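Examining the three-dimensional arrangement
Here's the letter readout for the chains.
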Amino acid sequence: MTEQTMTVSLPTRGVGLGILQTYGVYLAIIVLLLYNFFFTPNFFNIGNFRTQFVQVVPALIVALGMALVIGTEGIDLSVGGVMALAAAVMPLYIGYGLIPVVMIAIVVGGLVGVINGSLVAFIGVQPIVATLSLMVTGRGIALLIAHEQLVSITDPTILAIGRGTVVGIPCSMIIAVVAVLLIAVLVNRTTFGKQLIAIGGSRRAAELSGLPVKRILLMVYILCAVLAAIAGIIGTARLGASVPSTLGNLIELSAITAVVVGGTPLTGGQVKVIGTIAGAALLQFISATLNQHNVPDAYSQIAQAIIILFAVYIQRGRLAVR
Amino acid sequence: MTIEPPTTAPLPGSVEAPVLEARGVTKRFAGVTALRSVDFAVRPGESLALMGENGAGKSTLIKVLTGVYQPDEGELLLGGSIAKFARPLDAQRAGVSTIYQEVNLIPLMSVAQNIFLGREPRNRFGLIDFTKMVADARGLLDVYGIDVDVRKPLRSLALGVQQMVALARSVSINARIVIMDEPTSSLEAREVETLFSVVSLLREQGIAIVYVSHRMDEIYRVAERIVILRDGAVVRVGQLSDIPRVELVSLMLGRSVEKVRRSGSTAFSATNASTAPPVLVAEDLSRRHQIDGVDMQIRPGEVVGLGGLLGSGRSETLKAIAGVMQLDRGRVTVDGKPVRSGSVPAAIRAGIVMLPEDRKAEGIVPNLSVRDNIVLAALPRLSHAGFSSRRNQDAVVEVFMKRLHIKASSPEQIVSELSGGNQQKVMIARWLAMRPKVLLLDEPTRGIDVGAKAEVQALIDELAREGLAIVLVSSEVEEVVEGSGRVIVLRDGSIETELQGADVDEEHLLAALAGVNE
């Protein structure tokens, strides 16, 4: 009986709000681009856009994994720690060539994902608690491995991941595009993606429908951590040095902001891949805009905070409907 | 209750003034009337039972009496003068205390600390006087014959004893009315006895008891008067001694008493069970406090009703078979092959599927489309190497939307925008897409409109004719009787009786629900 009154009120609830929820991030990007078109010299040229894209790659890749986790009504705070761990183990295997270095970084990241996923899926720890502990210990272990030191990397094949190009396109961009395509296919075209979204929509209903809920949750956290490790590899290659003390600092906040601004609700049940890309792009444009107008970096963090507040505020309407 | 405390025996013709009274209380939620002009009164030292099935308004009434809700119309009177409880604390201060089945005290604190929480005895330095607190707590519990170490943390005690502590606490805070909401649902038999003796002690002190329970044996033992609610209204107030069990059940369920009385005269007839071997065999299904030794055999093409009042274990039995609930004991086989218990995927693989009672919380995935909801369970079967196949899905979705007459603008419509009836059909489609052998239906027509209800009922018939084994749980007597070939009646977690053939009628079912043996 109560459900009828709810369904009736659903379509009429704030049309304007609905548009903001779905397209707000694109509107914001357009506004920002227009502003830069008129007021920022040298913004609209290929070189600048290329720089922007290359800079956003690590955050974007992390945000893709974050989108999956948030889609299951979870959250992963340990992504920065995973990036640091990936950075810390890379110099240890540098003599063995590109593939072993990349593999070991990914395996280490995946292990963190196994721990996160097991805590969440099998032991039932709240995602925020499970991943918070690894956010701290991940970077701690990374610093122990690296003896709190910065190690420069000179291996040209590794550096190429961050700095090289293939037919004029930066390698990191290619990696990001591949990651986006894979995640988009995973979310929209596979059983796994559909099941993941169903778990986020109603875990109980998913369980009662016989879905392998725990296995899927485990996989999602592993995927997120592996993507973070890849972001760590790219970040390290770009810097030309393993810097576990600062690499990926606060990246969980950027990633969560990108996901939420992109229209994926924190309450799960949806994953917006394109929206996540737009969210990451918006953050990048904001910091670039402020940067090019010589506004200190601290302001771009404040801007980020305001955006996430605003995005979550807009999503409140969605929560009320649920 | 053989000895009547003096305060509770009203002289014939005279009525003692109620200590707590509700007059014309109406409460609405979002257009739904939960309480309709309810009059309710409880007198000092009396034990009053409050009964009703799901949705009758019991919990709403309790929440109004304890200040959780404020009535939209009507008023509360405390000791004859109008009282307004803006919040639960107001009611507590006025002497209305509630004991829930879940003890809401602080588990890590000692018994004594819990009893004196917020009003600890102080010494002359203004610090807590632990010696006095322990002594006082011990003295208080002694009165009720509860022998525990009051310095131990509350959680180290059995649940029943914790409840006694909660009771002692509320009484020591000048409670004049104690509302007990299903106090015995998780108690052992021995603990129930202790509770009852405490209840009679409280009554001797002039404290009024409002006793809410589904267990009829307890009601008749503990209470002397009863208020029966149905659909938010009081349908009967009276002395329990004047209301036989069958009448009580029929009042709660809203079926006519005359019909029930005639039930004894109906002749037994031969059963017409089909000869096919049973597809589902469940043996000795047991789980502490929920179900105890439930057996059943269901043949293909059979609709078996599972009757029982609220709390009888009917939903739990379905959950046990469907692997949703862990079992202490018992086993389930399908076509002779054992099914791993406590695993939903195992049950589904064996061909057992369950339509859950709470469609909104356990059934639909609200933000997904009709299509995604229908194919949810069958996804792996409709996929190629992990990639979902749109074409395979379309085939299934189309067939079931047409066959079940699911009214949606398109398969892509969000399921939560559909009416309750159509949501239910989406749920049934989800399970039919799994080609099950056994379909367990828990309240399949609850909360859906009349038209959809008839459609769902017709569908159940049709599915049975096609050879599906169906177990039907419904709180509507009519639905169970008309839908089922035979009815297994549960009471307090065990099978009370089984109705077959011509015995499957409302009269026999009501008698069985009431536990009246003929």
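Remember, predicted model here, so these are calculated numbers, not experimental data.

**Re the overall build of chain B**
Counting its secondary structure elements, chain B contains 18 helices and 22 strands. For 518 residues, the compact-globule formula gives about 24 Å, and the C-alpha radius of gyration of chain B, at 26 Å, lands near that figure. Along the three orthogonal principal directions, the C-alpha set of chain B runs to about 80 × 60 × 45 Å. Sequence separation of at least 24 residues holds for 68% of the intrachain contacts in chain B that already meet a minimum separation of 6.

**Digging into the domain arrangement of chain B**
All names here are of chain B. Partitioning chain B into domains gives domain 1 (28-243) and domain 2 (280-514). For domain 1 and domain 2, the distance between their C-alpha centres works out to 37 Å. Counting from both sides, the interface comprises 6 residues of domain 1 and, opposite them, 6 residues of domain 2. Of the residues in the side of domain 1 that touches domain 2, the class split is no nonpolar, 4 polar and 2 charged.

**With respect to the confidence of the model for chain A**
Summarising the model, chain A shows a mean pLDDT of 88, and 92% of its residues fall at 70 or more. Of all secondary-structure elements in chain A, the lowest mean pLDDT belongs to helix α1 (residues 2-9) of chain A, at 36, while helix α11 (residues 213-239) of chain A reaches the highest, 97.

**Description of the packing of helix α15 (residues 420-432) of chain B against helix α16 (residues 450-465) of chain B**
Residues and elements named next belong to chain B. Packing of α15 against α16 brings their axes to within 9 Å, and their N-to-C directions diverge by 20 degrees. Taken together, the axes of α15 and α16 lie roughly parallel to each other. In this structure, the crossing between α15 and α16 has a hand that is left-handed. Only Ala452, Val456 and Leu459 of α16 make contact with α15, whose side of the interface consists of Gly421, Asn422, Gln424 and Ile428. A class-by-class count of the residues in the contact of α15 with α16 yields 4 nonpolar, 3 polar and no charged.

**Concerning helix α5 (residues 98-123) of chain A**
The first and last C-alpha atoms of α5(A) sit 37 Å apart over 26 residues, in line with the 38 Å expected at 1.5 Å per residue. Just past α5(A), the residue A:Gly124 takes up positive phi, approximately 85 degrees.

**Quick notes on the environment of A:Arg215**
If you trace the backbone, A:Arg215 turns up in helix α11. The sequence separation of A:Arg215 and A:Ser118 amounts to 97 residues, and the corresponding C-alpha distance is 9.1 Å.

**Re the confidence of the model for chain B**
Caution applies to low-pLDDT regions: their predicted coordinates should not be interpreted in detail. All names here are of chain B. Taken residue by residue, chain B gives an average pLDDT of 85. The fraction at 70 or more is 92%. When pLDDT is averaged over each element of chain B, strand β16 (residues 352-355) comes out on top at 96 and helix α9 (residues 257-261) at the bottom at 48. Counted against residues more than four places away or in other chains, residues 260-273, with its pLDDT under 50, gives 22 contacts. Predicted as a complex, the structure gets a pTM of 0.75 and an ipTM equal to 0.83.

**Some remarks on the sheet that holds strand β14 (residues 329-334) of chain B**
Residue and element names in this part refer to chain B. With respect to topology, 4 strands assemble into an open sheet ordered β12-β11-β14-β15, the strand pairing being antiparallel. The sheet is open, and its two borders are formed by β12 (291-298) and β15 (337-339), each paired with just one other strand. Pairwise comparison of adjacent strand axes, ignoring direction, gives a mean angle of 25 degrees for this sheet. Where strand β11 (residues 280-287) meets β14, 5 bridges bridge the pair, whose relative direction is antiparallel. Considered in β14, the bridge of valine 281 is made with threonine 333. On top of the sheet, helix α10 (residues 314-321) reaches β11, β12 and β14; it is set at about 115 degrees to β11, its chief contact.

Calculation notes
Residues numbered from 1 in each chain as written. Chains lettered and ligands numbered in written order. Predicted model: local features only at pLDDT ≥ 70, side-chain atom pairs only at ≥ 80, totals over all residues. Helix = DSSP H or I, 4+ residues; strand = E, 2+ residues; numbered from the N terminus. Rg over C-alpha atoms; globule rule 2.2 N^0.38 Å. Contact = placed C-beta atoms within 7 Å. Domains from an automatic or database assignment. Nonpolar A, V, L, I, M, F, W, Y, C, P; charged D, E, K, R; others polar. pLDDT = per-residue confidence, 0-100. Axes fitted to C-alpha atoms, helices over the stretch in contact; angles between N-to-C directions. Parallel < 35°, antiparallel > 145°, perpendicular 65-115°, else oblique. Left-handed = near helix turned anticlockwise from the far one by under 90°. Expected span 1.5 Å × (residues − 1). Pairing = 2+ DSSP bridges.

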